[in-house]
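So you can see what is in the structure, the chains are spelled out below.
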Amino acid sequence: MSSALTRDALEAFWMPFTANRQFKDQPRLLARAEGMHYWTPEGRKVLDGCAGLWCVNAGHGRKEITAAVAEQMATLDYAPTFQMGHPAGFELANRLVKLAPGDLNHVFFTNSGSESVDTALKIAIAYHRVKGDASRQRLIGREKGYHGVGFGGISVGGLANNRKYFGAMLPGVDHLRHTLDIEHNAFSRGVPEWGAHLADDLERLVTLHDASTIAAVIVEPMAGSAGVILPPKGYLQKLRAICDKHGILLIFDEVITGFGRLGTAFGAQYFDVMPDIITTAKGLTNGAIPMGAVFVRKQIYDAFMKGPDGIELFHGYTYSAHPAACAAGLATQEIYEREGLLTRGAELAKAWEDAVHSLRSAPNVIDIRNLGLVAGVELQSRAGAVGARGYEALVKCFEKGVLIRTTGDTIALSPPLIISTAQIDELVTRIGEVLKTIA
Ligand code: PLP
C-alpha cells in the first residue's frame, strides 16, 4: 500500500462506523502487521491494544494460517454447502464442538457476527415452531446491547445510534434494562457485586407479554462494543433460571467473548452458565478470513431432525463454511491449543487488572472495568460533546504508537492474547501519558 494516498484516493471507500470526513482529512492507515504490532505506511510501529477489532487473538501475521489458507485455495477454492459438502467444514465443526460447554454440539457456519446473530434468532423462533409452539416469536434483547448490524441484530440491540436512522425494527422485540451502573459499581475489579437483581427485569417482561409469546433472550455475557459492560455477580445465573422457569431459550452472543477473551474458551464457561445457543465470529479465524459460527444444543438440532425427509432449516449463506475460512479456522484453533491461548487470559488477568486500574488517577477517568483480557476506561464526557474526549484519546494514542478502540468516551482495550506483561505496561503507560494531555 502506498503511503502517498491522496485525499482523492480516499474518497470512494465509504468507511464503516467511521467519521469519514475527519478520517479522510487526517487518515490513520495501517499497512503491515506482525505479532503484537501494526506498522503504518511510513513505517511507524503501533502496539495493538484491541486485537484489531477484538479478533486477532493469536496475534498478527500467523504463518500457519497463511499457509493453511494458501494450501486450501490451491486444492479447493470454493465448494457449495447447500446439499453438498467438503471435508474441512466437517473437520472444523467437529473441532469446535469439543471446545463448547455441555451439549452445544452442533455448529451452523456464517460469515460474521451479525450473520451469526440473525441465524441464532431465526433458529430460536423456528425451534419453537417445529416443536409445535409457534406462538413463541418474541425476542428479548437488552439496552446497550450490541449484536451487529443486521435488522435482527439492531432490533434486539440497544444502542440508539445504531437503530434510530433505520426505520421500523423487527416487531415483537423488547429489552431488558442494561447492567451498567457507575454509581454503585465504579472501579470494581472483575464482575461487580451490585446488580444481580437486574435480571428480574425478565420477569417483568414475562408478566407483560406472557411467557407463551417469548422465544428467546439474547445477551452478551460481557458486552464489549457498547463500552465494556460487565454482568453483576449472579446476574447471568438468574437470567438462566428465569429462562428455564418459562421455557425461554437463552442465547449468549459471544462474538467477542468466544475464543479465550476471558481466559476460557467461551464466556459460558467463565461464568459457568449454560446457554442454549452461542454466537461467535472474530477470534474463530483469528480475524484472518471472515467467518462466524452458531453453536446450538443437541435438543435444538434434534428438534429439527424430526418430521419428513427434506431441508430442515431454510437458511444459509453462499459462503457458509467457505473452504478458505475453514482452513483459517482449523489453523487458528491449532495455534490456540498449541500455545495455550484460550486460557492465557486467565494467567494474565491479575497483571492486566492491576495495570489498567493504575489509570484511575489519570485526568477525567470516572470508571475502570475489567474482566479477563478486557478493560474499559470511561472518561467523563465533555458538556454537549459526548465522544469528543474519547476521539481525541484515540487519535493521540495512535500518534503515540498505540491502537485503542473507543465507544463514545469509553476506551475499550482487548489486546491479542499473546501480549507480554512488558507490553501491558507499555500499553497502559502510553495511554496514561496521552490522558494527561487531554483537557
Ligand atoms: N455481536 C457482538 C457481541 C459483537 O461484539 C459484534 C461485533 O463487534 C457483532 C455481534 C457483530 O459482528 P460483525 O461485525 O462480525 O458482524
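That block above? That's the structure.
In this text, all values refer to a predicted model and were calculated from it rather than measured experimentally.

Enquirer: Is there a simple way to explain the site of the ligand in this structure?
Expert: Taken together, the neighbourhood of the ligand is formed by 14 residues, with Ser112, Gly113, Ser114, Gly148 and Val255 sitting nearest. If you tally residues by element for the shell around the ligand, the top one is helix H5 (residues 113–130), at three residues. Of the residues contributing to the shell around the ligand, the split by class is five nonpolar, seven polar and two charged.

Enquirer: For this particular structure, what's the right way to read the sheet that holds strand E11 (residues 365–371)?
Expert: In any sheet, the strands associate via hydrogen bonds between backbone groups, in a parallel or an antiparallel arrangement. Reading across the sheet, the four strands line up as E11-E12-E15-E14 and stay open at both edges, with antiparallel pairing between neighbours. Strand pairing shows two members of the sheet lacking a second neighbour, E11 and strand E14 (405–407), which therefore form its edges. Ignoring which end each strand starts from, the neighbouring axes of this sheet average 20° apart. Across the sheet, helix H14 (residues 341–357) lies against E11, strand E12 (374–379) and strand E15 (410–413), angled at about 175° from E11, the strand it touches most.

Enquirer: Looking at this structure, I do not really get helix H4 (residues 87–99). What am I missing?
Expert: For the α-helix, the turn length of 3.6 residues means that residues three or four positions removed from each other point alike. The end-to-end C-alpha separation of H4 is 19 Å, in line with the 18 Å expected for 13 residues at 1.5 Å each. If you check which residues of H4 are buried, you get Ala88, Gly89, Leu92, Leu96 and Leu99. Seen along its axis, H4 keeps its buried residues to an arc of 100°; they face one direction. Exposed positions of H4 whose direction lies more than 90 degrees from the buried face are Pro87, Asn94 and Lys98. Where the residues of H4 are buried, they touch helix H3 (63–75), strand E4 (106–110), strand E10 (292–296) and helix H13 (323–339).

Enquirer: Would you mind showing me how to read the sheet that holds strand E1 (residues 32–34) here?
Expert: Pairing is mixed in the open sheet, where four strands are placed in the order E1-E2-E3-E13. The two strands at the open ends of the sheet, each matched to only one other strand, are E1 and strand E13 (402–403). Taken together, the three bridges between E1 and strand E2 (residues 37–39) define a ladder with antiparallel strand orientation. For Arg32, the partnering residue across the bridge sits in E2 and is Trp39.

Quick notes on the rules
- Residues numbered from 1 in each chain as written.
- Predicted model: local features only at pLDDT ≥ 70, side-chain atom pairs only at ≥ 80, totals over all residues.
- Near = placed C-beta within 6 Å.
- Helix = DSSP H or I, 4+ residues; strand = E, 2+ residues; numbered from the N terminus.
- Nonpolar A, V, L, I, M, F, W, Y, C, P; charged D, E, K, R; others polar.
- Pairing = 2+ DSSP bridges.
- Axes fitted to C-alpha atoms, helices over the stretch in contact; angles between N-to-C directions.
- Contact = placed C-beta atoms within 7 Å.
- Expected span 1.5 Å × (residues − 1).
- Buried ≥ 20, exposed ≤ 12 C-beta atoms within 10 Å, placed from the backbone.
- Arc of directions from axis to C-beta.

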